[in-house]
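Residue strings, one per chain:
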Amino acid sequence: MKALRYLVPLAVFTVLLVFLWVGLSLDPREVPSPLIGKPAPAFDLEQLHAPGKRFATADLKGQVWLLNVWASWCVSCRTEHPLLMQLAKANVVPVVGLDYKDKPADGREWLTQNGNPYSLSVIDQDGRAGIDWGVYGVPETFVVDKQGIIRFKQIGPVSVESLEQKILPLVRALQKS
Amino acid sequence: MIVRRLLMAALACAAFAAEAQPADPALDARLRKLESELRCLVCQNQTLADSDATLAGDLRREVRALAVAGKSDAEIKDYLVARYGDFVLYNPPVKSVTWLLWFGPLLLLLAGGGIWLLLIRGRRSRQDTDAPAAAAGAPEDDVIARAKAALYEEP
């Protein structure tokens, strides 16, 4: 009974410690998307490099593809850009770029300077498609499966780890299924 | 002909007035209240009403468009939750994952009350064994007697 007097506060303190520890290791900027496992929101937008030509999400039905949200004003997009270039070179999966809230001329200029890793890019100047996809921090990358379901979302720049451990294995598994 | 032209002019004026007249105090008040219950995803501790982030501006635009289209507050919230999750709501809904959030304080209160009761009971039973006479007759006299004894007791 005497031991309980010390053990109970110790137990409470340990529980508190675990909560704080887990809380600190979470990134509050990463809000889990409610769109995972749901059909990708449809859009039909003008292509960046082919004015007048459009691209719709339905065009890639039956294929696994990535949607990468980028912009010429986006600083952290520069971090992931070399990785996207490598990915494009490997030619594993089509990557569609969503040029988010950007002037088309600026977007094209940026891709000319830094290289274009995208199968194609579409223009989302007023950010409506971005809102439909729940975009709040550029860059963001989505994995869409053959049925058009969003399977994964990366918030912030793609890293070597996230690419090799999450995105590419998922893409391969989805391509086989 | 003149009547027709006049009518056209009137219509044009009406259309212009409708476009240049965003002053709808009731709608503004409703939107301000609604936006103060929604979180900006970019500056996460600001409401949609307070935030200057571009996304907040865009979302305010969408919210206004939905409200003008006759959607209810609940429908507008559903629209945002479908895209950004429950996180956009400052007032989280009661579901199985938020039970701890909603009922945790009550649990803590109950636990505190329980501990308090246990302490009180422990003190009372100790008093009972210390001074069984206190329960019977005049307790004040007994307490005073004990205090006096403690005060004047020679060391």
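Residues numbered from 1 in each chain as written. Chains lettered and ligands numbered in written order. Predicted model: local features only at pLDDT ≥ 70, side-chain atom pairs only at ≥ 80, totals over all residues.

**Section: the packing of helix α2 (residues 25-35) of chain B against helix α3 (residues 54-68) of chain B**
Residue and element names in this part refer to chain B. Look at α2 against α3: their axes get within 11 Å of each other, and the N-to-C directions meet at 130°. The orientation of α2 relative to α3 falls into the category oblique. As for the relative orientation of α2 and α3, their crossing is right-handed in sense. Every residue of α3 that contacts α2 at L27, R30, L31, L34 and E35 is listed here: R60, V63, R64 and A67. Of the residues assigned to the contact of α2 with α3, the class counts are 5 nonpolar, no polar and 4 charged. (Axes fitted to C-alpha atoms, helices over the stretch in contact; angles between N-to-C directions. Helix = DSSP H or I, 4+ residues; strand = E, 2+ residues; numbered from the N terminus. Parallel < 35°, antiparallel > 145°, perpendicular 65-115°, else oblique. Left-handed = near helix turned anticlockwise from the far one by under 90°. Contact = placed C-beta atoms within 7 Å. Nonpolar A, V, L, I, M, F, W, Y, C, P; charged D, E, K, R; others polar.)

**Describing unusual backbone geometry**
Residue and element names in this part refer to chain A. Put simply, V138 and P139 share a cis peptide bond, and its omega is 0°. Examined against the element boundaries, P139 turns out to sit in the loop between α4 (128-132) and β6 (140-144). Even without glycine at this site, N91 takes up a positive phi of about 55°. Accessibility expressed as a C-beta count within 10 Å gives 8 for N91, which makes it exposed. Located in the positive-phi region is K101, a residue other than glycine, with phi close to 50°. One can find K101 in the loop between β4 (95-100) and α3 (104-114). The exposure class of K101 is buried, given the 21 C-beta atoms found within 10 Å. (Buried ≥ 20, exposed ≤ 12 C-beta atoms within 10 Å, placed from the backbone.)

**Focus on the sheet that holds β6 of chain A**
Residues and elements named next belong to chain A. Overall, mixed pairing links the 5 strands, which are arranged β5-β4-β3-β6-β7 in an open sheet. Whereas interior strands pair on both sides, the edge strands pair on one side only; in this sheet they are β5 (120-124) and β7 (150-155). Ignoring which end each strand starts from, the neighbouring axes of this sheet average 20° apart. As paired strands, strand β3 (residues 65-70) and β4 are joined by 5 bridges and run parallel to one another. (Pairing = 2+ DSSP bridges.)

**Side note on the confidence of the model for chain B**
Residue and element names in this part refer to chain B. For chain B, per-residue confidence averages 80 on the pLDDT scale, and 77% of positions sit at 70 or higher. Mean pLDDT in chain B bottoms out at helix α6 (residues 132-135), which sits at 51, and peaks at helix α4 (residues 73-84), which reaches 92. Note on the complex model: pTM 0.74, ipTM 0.80. (pLDDT = per-residue confidence, 0-100.)

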